[in-house]
Amino acid sequence: MYQKYKNVELVKPGGLELKDRLVGVQRVTKVTKGGRAFGFSAIVVVGDENGVVGHGLGKSKEVATAIAKAVEDAKKNLVRIPLNKATLPHEQKGKYGGAKVFIKPASQGTGVIAGGAVRAVLEAVGIHDVLSKSQGSSNPHNVVKATFDALLQLRDAGTIAEQRGVSLDKVFKG
């Protein structure tokens, strides 16, 4: 699922204390010759609020079952996000479909300046100080995936130094 990102560390859910956040539930309709068949689609974000996060989609005839399926799917897609204390290492843009998300580190005490689906993802990761802007589509599925696109592109200073083959001091001087 995350093949296009270079430094993505997949995480196993065992031993983690994960909290789930419901991003959205949609009622979907399938029209058949016998009438309309109603179902539900749920998107959920799970995280340990310490750098590990995942998202999942569940579909069912009942809301509770759809949410349970989404949580199970999210636990299969956990990734570790590099954090700098309670914020991001650097600003980043993410895009998925028609949704664009911009996230920027903020000074301590700023809080999570984000709305809707972006807020759910950032809080699940454990980011406490961040500025964000969501543009384009407000479809929660695409906004969650655009936020993940931005988060998965983040790199900490140690990773950057390793990729460049230089010392950590030289990364901050250059």
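Computed from a predicted model, the values in this text were never measured in an experiment.

Conventions and cut-offs
Residues numbered from 1 in each chain as written. Predicted model: local features only at pLDDT ≥ 70, side-chain atom pairs only at ≥ 80, totals over all residues. Heavy atoms only, no water. Helix = DSSP H or I, 4+ residues; strand = E, 2+ residues; numbered from the N terminus. Buried < 20%, exposed > 50% of the residue type's maximum accessible area, 1.4 Å probe, protein only. Polar contact = N/O pair within 3.5 Å; in protein donor to acceptor, adjacent residues only side chain to side chain. Contact = heavy atoms within 4.5 Å. Core = buried A, V, L, I, M, F, W, Y, C linked by side-chain atoms within 4.5 Å. Pairing = 2+ DSSP bridges. Axes fitted to C-alpha atoms, helices over the stretch in contact; angles between N-to-C directions. Right-handed = clockwise from strand over helix to strand, strands pointing away. Patch = residues over 30% accessible without salt bridge, like charges linked within 9 Å, V, L, I, M, F, W, Y side chains within 5 Å. Areas by Shrake-Rupley, 256 points an atom, 1.4 Å probe, with all protein chains shown as cover. Salt bridge = Lys/Arg side-chain N within 4 Å of Asp/Glu carboxyl O.

The next thing to look at is the side chain of Asn-77. Turning to its location among the elements, Asn-77 is positioned in the loop between α1 (63–75) and β5 (79–80). Judged by its relative accessible area of 13%, Asn-77 falls in the buried class. At a separation of 3.1 Å, a polar atom in the side chain of Asn-77 contacts the main-chain carbonyl oxygen of Asp-73.

What follows is about the environment of Ala-117. In this fold, Ala-117 is placed in helix α2 (residues 116–125). Accessibility expressed as a relative area gives 10% for Ala-117, which makes it buried. Residues Ala-117 and His-141, 24 residues apart in the sequence, show an inter-C-alpha distance of 8.3 Å. What Ala-117 contacts, discounting residues up to four positions off in sequence, is Val-23, Pro-140, Val-143 and Val-144.

Taken as a class, soluble globular proteins show a tendency for nonpolar side chains to be buried jointly. Within the largest apolar cluster, 27 residues are counted, with the highest numbers of intra-cluster contacts made by Val-53, Ile-81, Ile-103, Leu-122 and Leu-151. Of all the elements in the fold, those that place two or more residues in this core are β3 (35–47), β7 (99–105), α2 and α3 (140–152). The element that contributes the greatest number of residues to this core is α3, accounting for 7 residues. With near-sequence residues (within four places) excluded, Leu-151 lies in contact with Ile-81, Leu-88, Ile-103, Val-121, Leu-122, Val-125 and Ile-127. Among the nonpolar cores identified, the runner-up in size contains 10 residues, and Val-44, Val-52, Val-71 and Ala-74 belong to it.

This part is about the sheet that holds strand β2 (residues 19–32). One open sheet holds the 5 strands; their spatial order is β1-β5-β4-β3-β2, and the pairing between them is antiparallel. A single partner strand is all that each edge strand has here, and the edge strands are β1 (9–10) and β2. Relative to the sheet, α1 contacts β2, β3 and β4 (52–60), its axis offset from that of β4 by approximately 145°. Here α3 sits on the sheet in contact with β2, β3, β4 and β5, set at roughly 160° to β4.

Pairing geometry for β7 and strand β9 (residues 130–136), over 7 bridges, is antiparallel. Across the sheet, Phe-102 pairs through a bridge with Lys-133, a residue of β9. Here strand β8 (residues 112–113) pairs with β9 via 2 bridges, running parallel. Directly across from Val-112, in β9, lies its bridge partner Val-130. Crossover connection from β8 via α2 to parallel β9: handedness left-handed.

A surface patch of nonpolar side chains, amounting to about 210 Å² of accessible area, comprises Leu-22, Val-25 and Val-63. Summarising the element assignment, Val-25 is placed in strand β2.

Quick look at the pattern of salt bridges now. Evaluated as defined, the whole model comprises 4 salt bridges. For Arg-21, the salt bridge identified is with Glu-49, shortest N-O distance 3.0 Å. Residue Arg-21 is found in strand β2, and its partner Glu-49 is found in the loop between β3 and β4; the two are separated by 28 residues along the sequence. Here Glu-49 falls in the partly exposed class, since its relative accessible area comes to 30%. Linked by salt bridges that have partners in common, Lys-19, Arg-21, Glu-49, Arg-119 and Glu-123 make up one network.

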